[in-house]
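Single-letter residue listing:
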Amino acid sequence: MNRYGRGMLSGFYLILLLLISSLFAKNQVLFYSQAPLLADENLKLYVKSLGPQHRFLSLNGTYDLFGGANEQSIGRVSIPSVFYSRQDFIFRKTFQMEKVVNAHYRLHFEGLNGLSEVRLNDKLLFSGSRNFLPLSLDVPASYLESRNNTIEIKIRSWKGRDAQFPTWMPVNLPRIDNGINRSVFIEIAPAVCLRQPTAHAGFRGDSLMISGSLRIQSIADFKGDYNIVFQILEKGKVWRSVPYYFETDSTQNTKDINYSFTVPGLEPWSPQAPHVYRLKIVLKHNNKEVDTNYLPLSVRQVQADHQNIRLNGNPVKLDGINYIYQDARGVDLLNRRQVLQDLEKIKSLGFNAIRVGFYPRSPLFYSLTDSLGLVCFQDLPFPMMDSGFLADSLKQDAAVKYVRSFLDLVSGHPSVLGIGLSGFYDPDNLEGKMFLEKLSDLISQENLQLVYSGTFLPEPKAPDFADLCCFEILDRNHQKTYLDKIMNQLPGQKPVIFSAISKAISYRVDSSAITHDLQQITELYSRINSSEWKSRLAGDFVLTYSDYYLETPSLQAGPQNKFLLNTVGIYDLDRNLKKDAAALLASKKRMMPAAQFASEKKNIGTFLFVIVGLINFLVFVVLYRSMIEFRHNVHRSIRRPHGFFTDIQERRLIPYTENLILLLILSVNGAVMTGSILYFFRNNFYMDYLLSLVFPGNGMKLLISYIIWRPFLLLPILTFVIIATFFLMAVPIRFVSFFREPKIHSRQAIAISIWAAAPFLISLPVAMFFYNLLLVLNSYWILFVLLLYFHVWYLLRWINGTRVMTEVSFARVFLFTIAFLGIIGGGFYYYLQTQVNLSAHLVFLLHLYQSLI
């Protein structure tokens, strides 16, 4: 091979090395920690539910950090902290504590994200996943040493598998902070103590029924006279005190109690008057207080009634906003002061409801929404009930336990009116529907919260398992037509809420204009708040409070050059109000003027395809006219391919120069056409989704997204990729040479691979205008069908050339080729099916496409 071929191969290998290294390179070990004062402040608030008989030992602070399979020491890190890396980490801390005689010990994690193992003095306490939920573990006294003790926490980052929640979702999922993201502490409880208390308030005529359950646990057998006193506290004062007597059993050390009593009516909780009481549970032994627990207690009723949501019998219109908490650094470490500031700002802007997207929050968060009178709708992290999930009984059991744990967490928090079970509800998925009905029945047992479904499909009818439907508006460029279509489908049986938490289907308006999140959402928000829509909806969650980082890079985030940042919020992460949002809020409740679109004519990248395609075409024309032999070979390879390939087989070698010219011309032509397609659909939800399916690794998708938005990089890289494809297509031909005589040289195999693509020269005049054709056409299928035709033509010509070179019948080569491509394609499909359940996502995208056309 001459120096031109060697240089070309060197460049190809360099690009290939960069792409592969980005896929397999380890992420940088990057930790974010919380200020000790904030952690201590949060901890003090968290333990207020336990009485003075309990002691606490904080395990926040410095931990030794180990990583990798060999548990190599990395350094030290302060807990609470979160990390962004796909490797395993071990957090280890040695602490001192005095053992108390006849005491119960519990280890508490306010938050622990990732697949975790917890060990105390080398004894396993927990193995599993509790993403976004608290974790409390009973610690046998025998596990503790009298002085030095060692706690070890191993965390494997979330990967959307291993029965972890959220179940995997390819786009728009807020970033998951792996690690110990809230306080860790040991509780030392008295010898006889209260465990797992619950309390619910419901109306019984003119009175109020307080009911619940609890467990009394003792180190030894029960002896003596025990009783319980229930006290209802209002602003720290005892409003009502009710004694409760029970019989003890000296043969057991646990006692389960179901209690109920009636009291005169309490003031109900509402956004206008957020009355929050506390239930104090006092365990007494011989009239001496042994243990005390506190529970939040409020009175309210919620139900879905045709088009309305009713709170305490009164209809409530939800003027809502999506809230996804991240601090200014984009991490999920709880800062109560920041959350309080955010919620107070939301309240002051006139919103009465928030939708907490995707992940449950700390109990401290719901205490704030209770006290501020903000209605809360909480999505649970089950965005997609796909076939892989539904076929796994362990995952289903984990989902049921997850829902039960969340219900325990929000028990007594009146602001939580609705619980969302699916962000990707597909009415055609009958197995998913049945399982969601099972989860809905679990939530509805106490009749304390509504169940809502989330769907991207324009069928705003709440499914049977849900009390109401939260429908995602995706087509935001043709709002009037789209909303008119939905209006004709709106049912009257169940309430409907509109949402816009996702990226839009497309930001392209027409051949010359594009728009982006806030511009589209501003128009949508003002439109659905018009009198025409206001009476038809139970409310909306169209706006999002602040920007947030994503778990998976978003191709659609390219204009900001921050592919991991979703800029949908009215505030940025620093809580600065955006200029567009200021105009929106100032004109709230009235129709905004049409969005001002950005002209794509000013983007030089849109001209690059024309310029490069034109230069490539002119170069070909000049060489075609000036090189007689090259012109003869082009004609012959297209019109008489069999004879042309026979000449190559009989050692009529094509000059390196001609091979190189044709290779470069075809590769640049293919790069222009492929680049035009990728660049045109760079703002498209489907393209974003498909890239996430094909490149499930964040690093690779981030690189691909970055390249697509930069035609100056996109075209040369695609050129090298197509060159590589031609060389790869020569490999099977060369491989056969090892088993047949006479030998097939590499030069012959490469010539067959390149010249089989000669018909693509016909597309040279079209390639330079391909991007413009996509702009002006309403349907792209005719272009894609023509491209498919040319690729099938190339494959048949390649098979013919291979048949000539190997002297094997066309039928056998065809069958071997189809079988080989089937194995490669099947293997790739199997890999994606096992990694991301490809079939379920493709079915969903098909339904979405069909519903929007």
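Going by the structure above, here's the rest.
Not measured: the values here are computed from a predicted model. (Residues numbered from 1 in each chain as written. Predicted model: local features only at pLDDT ≥ 70, side-chain atom pairs only at ≥ 80, totals over all residues. Heavy atoms only, no water.)

(A) Layout of the side chain of Ser502. Mapped onto the fold, Ser502 is located in the loop between strand E31 (496–499) and strand E32 (513–514). Apart from residues lying up to four places away in sequence, Ser502 is in contact with Asn172, Phe456, Glu472, Leu474, Arg476 and Phe685. (Helix = DSSP H or I, 4+ residues; strand = E, 2+ residues; numbered from the N terminus. Contact = heavy atoms within 4.5 Å.)

(B) Quick peek at the state of the cysteines. Under the defined criterion, the tally for this structure stands at zero disulfides. Not engaged in a disulfide, the cysteine Cys469 finds its nearest cysteine sulfur in Cys470; these two sulfurs lie 7.1 Å apart. Given a relative accessible area of 1%, Cys469 falls into the buried group. Taking relative accessible area as the criterion, Cys470 reaches 4% and is therefore assigned buried. (Disulfide = S-S within 2.5 Å. Buried < 20%, exposed > 50% of the residue type's maximum accessible area, 1.4 Å probe, protein only.)

(C) Local environment of the pattern of salt bridges. Per the stated rule, a full pass over the model turns up 21 salt bridges. With a shortest N-O distance of 2.5 Å, Asp332 and Arg361 are connected by a salt bridge. Of this pair, Asp332 sits in the loop between strand E25 (318–323) and helix H3 (336–348) while Arg361 sits in the loop between strand E26 (353–356) and helix H4 (363–372), and the two are 29 residues apart along the sequence. Residue classification places Asp332 among the buried positions, given a relative accessible area of 5%. The residue Asp647 makes a salt bridge to Arg636 at a minimum N-O spacing of 2.3 Å. Of this pair, Asp647 sits in helix H14 (residues 641–649) while Arg636 sits in helix H13 (residues 628–639), and the two are 11 residues apart along the sequence. (Salt bridge = Lys/Arg side-chain N within 4 Å of Asp/Glu carboxyl O.)

(D) Representation of helix H8 (residues 479–487). When H8 is considered as a whole, its buried residues turn out to be Gln479, Tyr482, Leu483, Ile486 and Met487. Taken end-on, H8 shows its buried residues confined to a sector of 140°, consistent with a single buried face. For H8, the exposed residues lying more than 90 degrees away from the buried face are Lys480 and Thr481. Buried residues belonging to H8 abut strand E30 (468–472), E31, helix H9 (517–528), helix H10 (531–534) and helix H24 (838–852). (Arc of directions from axis to C-beta.)

(E) Just the pairing of strand E29 (residues 450–455), in detail. Summarising burial for E29: six of the six residues are buried, a large majority. Going residue by residue along E29, you find Leu450, Tyr452 and Gly454 tucked away on one face and Val451, Ser453 and Thr455 tucked away on the opposite face as well. Pairing analysis gives four bridges linking strand E28 (residues 416–422) to E29, with the strands arranged parallel. Within E29, the position partnered with Gly418 by the bridge is Leu450. Bridge count between E29 and E30: four bridges; the pairing is parallel. Across the sheet, residue Thr455 finds its bridge partner in E30, namely Phe471. (Pairing = 2+ DSSP bridges.)

(F) Expanded view of the environment of Phe358. Along the polypeptide, Phe358 turns up in the loop between E26 and H4. Between the C-alpha atoms of Phe358 and Ile324, which are 34 residues apart in sequence, the distance is 8.1 Å. Among residues more than four places away in sequence, those in contact with Phe358 are Met169, Asn172, Leu173, Pro174, Ile324, Asp379, Leu380, Pro381 and Ile501.

(G) Just the nonpolar core, in detail. In terms of nonpolar packing, the biggest core is built from 103 residues, with Ile354, Phe382, Phe498 and Leu848 touching the most fellow members. The leading source of residues in this core is helix H6 (residues 393–410), at nine residues. Setting aside residues up to four positions removed in sequence, Phe498 forms contacts with Phe471, Ile473, Leu483, Ile486, Ile528, Trp533, Leu537, Gly539, Asp540, Phe541 and Val542. Counting 70 residues, the second-largest nonpolar core is a separate cluster that includes Leu666, Trp709, Leu764 and Leu774. (Core = buried A, V, L, I, M, F, W, Y, C linked by side-chain atoms within 4.5 Å.)

(H) Region of the structure containing the sheet that holds strand E5 (residues 81–83). In spatial order, the strands read E1-E5-E12; together these three strands make up an open sheet with antiparallel pairing. At either end of the open sheet lies a strand with only one pairing partner, and these are strand E1 (31–33) and strand E12 (178–180). Adjacent strand axes in the sheet meet at a mean angle of 20°, parallel and antiparallel pairs treated alike. Judged from the three bridges that link them, E5 and E12 form a sheet pairing that is antiparallel. Within E12, the position partnered with Val82 by the bridge is Gly179. (Axes fitted to C-alpha atoms, helices over the stretch in contact; angles between N-to-C directions.)

(I) Broad picture of the packing of aromatic side chains. In this structure the tally under the stated criterion is 49 aromatic pairs. On the numbers, 6.3 Å between centres and 20° between planes, the contact of Tyr259 with Phe261 is stacked. Every member of this aromatic cluster is reached through a ring pair, and the members are Tyr323, Phe365, Tyr366, Phe406, Tyr545 and Tyr571. The ring of Phe66 carries Arg92 above its face, with NZ or CZ at 4.4 Å from the centroid. Positioned over the ring face of Tyr84 is Arg175, at 4.1 Å from the centre of the ring. (Phe/Tyr/Trp six-rings, centres within 6.5 Å; stacked < 30°, edge-to-face > 60°. Lys NZ or Arg CZ within 6 Å of the ring centre and 35° of its normal.)

(J) Fine view of the sheet that holds strand E13 (residues 184–189). With respect to topology, four strands assemble into an open sheet ordered E2-E13-E7-E10, the strand pairing being antiparallel. The sheet is open, and its two edges are formed by strand E2 (55–58) and strand E10 (135–139), each paired on a single side. Neighbouring strand axes in the sheet, compared pairwise and without regard to direction, differ in orientation by 25° on average.

(K) How the structure looks around empty space enclosed by the protein. Applying the stated criterion to the full structure yields seven cavities of 30 Å³ or more. Each pocket or cavity is described by its volume, and for the largest cavity that value is around 190 Å³. Contributing to the lining of the largest cavity are 22 residues, with Arg355, Phe358, Asp379, Ser422 and Gly423 lying nearest its centre. Sorting the residues of the lining of the largest cavity by element identifies E28, E29 and E30 as the ones contributing at least two each. Sort the elements by how many residues they give to the lining of the largest cavity and E29 lands first, with four residues. Its volume calculated, the second largest cavity comes out at about 130 Å³. (1 Å grid on protein atoms, 1.4 Å probe; cavity = no way out; pocket = protein on both sides within 12 Å on 5 of 7 lines; lining within 4 Å. Points joined across faces, edges and corners; volume = space filled by probe spheres on them.)

(L) Here's a closer look at H14. Among all positions of H14, only Pro641, Phe644, Phe645, Asp647, Ile648 and Gln649 are buried. Tucked into the core, H14 has its buried residues touching H13, helix H19 (746–755) and helix H22 (781–806).

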